[in-house]
Number of protein chains: 2
Amino acid sequence: MKHYPATFLKYISILQRNTSRYFDMVLEPFGIGSGQQFFLRQIYENEGISMYDLAKIGCFDKGTVTKAVQKLEELGYVKILADEKDRRIKRLHITSAAQQVLEKVYQKRDLWKNSLTENIPPEKEKELEQLLEKMAQISCQELSAVAKQREEIHDKRRNTQP
Amino acid sequence: MKHYPATFLKYISILQRNTSRYFDMVLEPFGIGSGQQFFLRQIYENEGISMYDLAKIGCFDKGTVTKAVQKLEELGYVKILADEKDRRIKRLHITSAAQQVLEKVYQKRDLWKNSLTENIPPEKEKELEQLLEKMAQISCQELSAVAKQREEIHDKRRNTQP
DNA sequence: TAAAAATAGTTGACTTTTCAACTATTTTCC
DNA sequence: GGAAAATAGTTGAAAAGTCAACTATTTTTA
């Protein structure tokens, strides 16, 4: 077998796992973990956002959103209100109890990000961010394509082997 | 509260989650998922590597390594042999049954990586990879520092409140 | 050399995330 | 208007990863 060079995917994996661990450690005093901080920030920045849109923004499964938001509600950081026009939709709101936590979340996130980019010049960082954004976007499209292909194969099997 | 701009951390999160989902889909026929592909490749590229070194290479918890390797052994893709000089150490070896899977793992990994970087010029990609490598390295150091600090606080509490 | 500390690995409980199947509501279209 | 399809969200099972406490060796050190 030939020689296979490493790819940047390994570093993405390490960065993501360590970022989660970091948030788990520093947010522990507030009863939340890495799994809630993103959603808390998004609800704060988009008052009244729906669960569906929350999932779309972060390319999350809708089940993930339901569970994260349930936890935030139990802790009293988020209020869930049904949309009056379309009662399928649930709209999310930050409570006053969440203000403290939000400050901490942003503060710790910025500390972490600044540690990582300490020695990167601003224009390089900007470039990096744009490349990552583009790749993240492609990954969502690509994944949908692969999933769709798989689904079609499953359907075909179901039709030919009933 | 002031306005808080987004960071690249969000894109890292999306990229990592979608990469895992992709590997889960394409490796399903071989009985393995995203959680084993990295370890399978590393054992192939470092015949006889120990679990400890495997953890260090990918900045994984040692418990993660134990479980991933156990699964690979159950599937017959990896052999675990105790080191003769130091019997704490377990050395890992690829079996012939794993050759097929390894081909597929590398092939699918490269397809995925190429989709993501399609429109990035090679020198930009090289630069991106170096930045990510550096940041991943910092994240490991930084995390150790935060963990150590936390431990000291816990120890202090234990000593003053017995 | 014996006790203490360090090292390698395992285990069980827990969190986060996903998938697939489900309910409930709204929209489409015959 | 009503059946069918689409949309929004929920749920339970499963995977991956982590932590903390554990066992079994090996190394350090007093």
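Residues numbered from 1 in each chain as written. Chains lettered and ligands numbered in written order. Predicted model: local features only at pLDDT ≥ 70, side-chain atom pairs only at ≥ 80, totals over all residues. Heavy atoms only, no water.

Trainee: What am I meant to see in the protein's contact with DNA strand D here?
Mentor: Surrounding DNA strand D, one finds 29 residues, the nearest of these being Tyr52, Lys62, Lys67 and Lys90 of chain A together with Lys67 of chain B. Here a phosphate oxygen of DNA strand D sits 2.5 Å away from a polar atom, N or O, in the main chain of Tyr52 of chain A. Top contributing element to the surface near DNA strand D by residue count: helix α4 (residues 62–74) of chain A, with five residues. Class assignment of the residues belonging to the surface near DNA strand D gives a composition of five nonpolar, ten polar and 14 charged. (Near = heavy atom within 4 Å. Polar contact = N/O pair within 3.5 Å; in protein donor to acceptor, adjacent residues only side chain to side chain. Helix = DSSP H or I, 4+ residues; strand = E, 2+ residues; numbered from the N terminus. Nonpolar A, V, L, I, M, F, W, Y, C, P; charged D, E, K, R; others polar.)

Trainee: Would you take a moment to explain the domain arrangement of chain A for this structure?
Mentor: A common measure of how large an interface is: the accessible area buried when the components associate. Residues and elements named next belong to chain A. When its domains are assigned, chain A resolves into domain 1 (8–119) and domain 2 (121–162). Domain 1 and domain 2 are separated by 23 Å when their C-alpha centres are compared. Listed by partner, the interface residues are six residues for domain 1 and five residues for domain 2. Interface of domain 1 and domain 2: buried area, both sides summed, is about 370 Å²; carbon and sulfur atoms make up 74% of it. When residues of domain 1 are sorted by the area they lose upon contact with domain 2, Phe8, Cys59 and Thr117 head the list and together hold 61% of the total. (Domains from an automatic or database assignment. Contact = heavy atoms within 4.5 Å. Buried area = accessible area lost by both parts, 1.4 Å probe.)

Trainee: Help me out: how do you make sense of the relation of the copies chain A and chain B in this one?
Mentor: Two chain copies here: they are related by a rotation about an axis and a translation along the same axis. With an RMSD of 0.0 Å, the fit of chain A onto chain B corresponds to turning through 180 degrees and sliding 0.0 Å along the axis. One copy is carried onto the other by what is essentially a two-fold rotation axis. The overlap is high: 100% of the interface residues of chain A also sit at the interface in chain B, so the same surface is used on both sides. (Least-squares fit on C-alpha atoms with pLDDT ≥ 70 in both.)

Trainee: Looking at this structure, I do not really get the interface of chain A and chain B. What am I missing?
Mentor: On the side of chain B, 58 residues touch chain A, which itself brings 58 residues to the contact. Together, the buried faces of chain A and chain B total about 6,300 Å²; carbon and sulfur atoms form 70% of this surface. In this structure, Glu127 of chain A engages Lys124 of chain B in a salt bridge whose closest nitrogen and oxygen atoms are separated by 2.4 Å. Counting the contacts that link chain A with chain B gives 14 residue pairs in polar contact (both at pLDDT 80 or more). Elements supplying a minimum of two residues to the side of chain A that touches chain B: α1 (9–27), α2 (34–45), α3 (51–58), α5 (99–117) and α6 (122–160) of chain A. The element that contributes the greatest number of residues to the side of chain A that touches chain B is α6 of chain A, accounting for 17 residues. Looking at the side of chain A that touches chain B, its residues break down into 33 nonpolar, ten polar and 15 charged. (Salt bridge = Lys/Arg side-chain N within 4 Å of Asp/Glu carboxyl O.)

Trainee: Mind showing me how you'd approach the pattern of salt bridges here?
Mentor: Working definition: two side chains of opposite charge can pair if their charged atoms are close together. The full count for this structure, using the stated rule, is eleven salt bridges over all chains. Through salt bridges that share partners, Lys124 and Glu127 of chain A together with Lys124 and Glu127 of chain B make up one connected network.

Trainee: Help me out: how do you make sense of the nonpolar core in this one?
Mentor: Most often, soluble globular proteins keep nonpolar side chains buried together rather than apart. Counting residues in hydrophobic clusters, the biggest one holds 95 residues, and the most contacted among them are Leu40 and Leu132 of chain A together with Leu40 and Leu132 of chain B. Residues within four places of Leu40 of chain B in sequence aside, it is in contact with Ile32, Leu72, Tyr77, Val78, Ile94, Val101, Leu102 and Val105 of chain B. (Core = buried A, V, L, I, M, F, W, Y, C linked by side-chain atoms within 4.5 Å. Buried < 20%, exposed > 50% of the residue type's maximum accessible area, 1.4 Å probe, protein only.)

Trainee: Is there a simple way to think about empty space enclosed by the protein in this case?
Mentor: Unoccupied space between atoms shows up once a probe the size of one water molecule is rolled over them. Applying the stated criterion across every chain yields a total of one cavity of 30 Å³ or more. Of the voids in this model, the largest cavity is the one considered here, and its volume is about 60 Å³. If you trace the largest cavity, you find it lined by Lys124, Glu127, Leu128 and Leu131 of chain A together with Lys124, Glu127, Leu128 and Leu131 of chain B. Secondary structure elements with two or more residues in the lining of the largest cavity: α6 of chain A together with α6 (122–160) of chain B. Classifying every residue of the lining of the largest cavity by side-chain character gives four nonpolar, no polar and four charged. (1 Å grid on protein atoms, 1.4 Å probe; cavity = no way out; pocket = protein on both sides within 12 Å on 5 of 7 lines; lining within 4 Å. Points joined across faces, edges and corners; volume = space filled by probe spheres on them.)

Trainee: I'm lost on the packing of helix α2 (residues 34–45) of chain B against helix α3 (residues 51–58) of chain B in this one. Help?
Mentor: Geometry of a packed helix pair, given as the angle between the helix axes and the separation of the axes. Residue and element names in this part refer to chain B. Relative orientation of the contacting elements α2 and α3 amounts to 115 degrees, with a least axis distance of 11 Å. The two elements α2 and α3 meet at a crossing, and its hand is right-handed. Together, Phe38, Phe39, Gln42 and Ile43 of α2 and Leu54, Ile57 and Gly58 of α3 make up the contact between the two elements. (Axes fitted to C-alpha atoms, helices over the stretch in contact; angles between N-to-C directions. Left-handed = near helix turned anticlockwise from the far one by under 90°.)

Trainee: Just checking my understanding: could you explain the side chain of Thr7 of chain A for this structure?
Mentor: Within the element layout of this structure, Thr7 of chain A appears in the segment before α1. Residue classification places Thr7 of chain A among the buried residues on the basis of a relative accessible area of 8%. The contacts of Thr7 of chain A, once residues within four sequence positions are left out, are Arg109 and Lys113 of chain B.

Trainee: Looking at this structure, how should I read the protein's contact with DNA strand C?
Mentor: In the vicinity of DNA strand C there are 29 residues, among which Thr64 and Lys67 of chain A together with Tyr52, Lys62 and Lys90 of chain B approach most closely. Within the contact set of DNA strand C, a base oxygen lies 2.8 Å away from a side-chain nitrogen or oxygen of Lys67 of chain A. Here a phosphate oxygen of DNA strand C and a backbone polar atom of Tyr52 of chain B are 2.4 Å apart. Where the surface near DNA strand C is concerned, the elements lending two or more residues are α2 and α4 of chain A together with α1 (9–27), α3 and α4 (62–74) of chain B.

Trainee: Whenever I open this one, the packing of aromatic side chains confuses me. Can you help?
Mentor: Remark: the centre distance and the inter-plane angle together describe each pair of aromatic rings, the angle taken between the planes. Counting across every chain of the model gives twelve aromatic pairs over all chains. Here Phe39 of chain A and Phe60 of chain A contribute two aromatic rings whose centre-to-centre distance is 4.8 Å and whose plane-to-plane angle is 55 degrees, an arrangement assigned as tilted. Separated by 21 residues along the polypeptide, Phe39 of chain A in helix α2 and Phe60 of chain A in the loop between α3 and α4 bring together distant segments of the chain. For Phe39 of chain A, a relative accessible area of 1% gives the class buried. Overall, Phe60 of chain A belongs to the buried group, its relative accessible area being 17%. Arranged with centres 4.5 Å apart and planes meeting at 15 degrees, the rings of Tyr22 of chain B and Trp112 of chain B form a pair that is stacked. With Tyr22 of chain B in helix α1 and Trp112 of chain B in helix α5 (residues 99–117), the pair connects residues that are 90 residues apart, well separated along the chain. The two residues Tyr22 of chain B and Trp112 of chain B agree in class, both being buried. Clustering of aromatic rings is evident, with ring pairs tying together Tyr22, Phe23 and Trp112 of chain A. For the cation-ring pair, Arg17 of chain A lies above Phe60 of chain B, with the distance from its terminal atom to the ring centre recorded as 3.6 Å. (Phe/Tyr/Trp six-rings, centres within 6.5 Å; stacked < 30°, edge-to-face > 60°. Lys NZ or Arg CZ within 6 Å of the ring centre and 35° of its normal.)

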